[in-house]
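# Results of the structural survey
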Amino acid sequence: QVQLVESGGGLVQPGGSLRLSCVASGFTFSMYRMSWYRQAPGKERELVAALSTGGSPYYADSVKGRFTISRDNGKNTVNLQMSSLKPEDTAVYYCNAALLIASRNYWGQGSQVTVSS
């Protein structure tokens, strides 16, 4: 059974930090492009960060210098370290695994991140 289980979300003050984690199972993790998306109320879902196996990371301009994506193929996990958080980072964050050639996508259930004082 394919699963992407997310954890680490919550409420944080502006300027604070959170670390999201996504643990995958049920597929060959090392073959998939891993990424994080987010969706704020009334907004479209957007790509935040992505990382292929051994590749250079991609970051949306809005999070460059503040967020770091990493993966551990031995633990089948992908993480998103978020620092210097802003209220505009408030959203539901989704872990994604993609095998692009096969048009295959798996999604986590979403984790709420709220940045507010």
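Everything below is about the structure shown above.
Residues numbered from 1 in each chain as written. Predicted model: local features only at pLDDT ≥ 70, side-chain atom pairs only at ≥ 80, totals over all residues. Heavy atoms only, no water.

### Thoughts on the state of the cysteines
Each disulfide consists of a covalent bond between the sulfur atoms of two cysteine residues. The cut-off we apply is this: Pairs of cysteine sulfur atoms within 2.5 Å are identified as disulfides in what follows. Each helix is a run of H or I in the DSSP string that is no shorter than four residues. Each strand is a run of E no shorter than two, and both are numbered from the N terminus. A simple rule labels every residue: compare its accessible area, found with a 1.4 Å probe on the protein chains alone, to the largest value its type can have, and call it buried under 20%, exposed over 50%, or partly exposed in between.
In the structure shown here, the tally under the stated rule is one disulfide. Each sulfur in the disulfide pair C22 and C95 lies 2.2 Å from the other. When the S-S torsion is -80 degrees, as for the bridge of C22 with C95, the disulfide is left-handed. You can see C22 sitting in strand 3 (residues 18-25) and its partner C95 sitting in strand 9 (residues 91-99), a full 73 residues away along the chain. With respect to burial, C22 and C95 carry one shared label: buried.

### Thoughts on the packing of aromatic side chains
Two measures describe an aromatic ring pair: the distance that separates the ring centres and the angle between the ring planes. Put simply, the rule reads: Here a pair means two rings of Phe, Tyr or Trp (six-membered ring of Trp) with centres within 6.5 Å. Their orientation is stacked below 30 degrees between planes, edge-to-face above 60, and tilted elsewhere. Lysine and arginine charges are scored as sitting over a ring when NZ or CZ, respectively, is within 6 Å of the ring centre and within 35 degrees of the ring normal.
Evaluated as defined, the whole model comprises five aromatic pairs. Ring centres of F27 and Y106 lie 5.1 Å apart, and the angle between their planes is 40 degrees; this geometry places the pair in the tilted category. Of this pair, F27 sits in the loop between strand 3 and strand 4 (33-39) while Y106 sits in strand 10 (residues 104-107); the two residues are 79 residues apart in sequence, bridging distant segments of the chain. Relative accessible area serves as the criterion here: at 21%, Y106 is assigned to the partly exposed category. Just above the ring of Y94 sits the side chain of R45; from NZ or CZ to the centre is 3.9 Å. The ring of W107 carries the charged tip of R45 above its face, separated from the ring centre by 4.7 Å.

Limitation: the analysis is restricted to geometry and does not speak to function.
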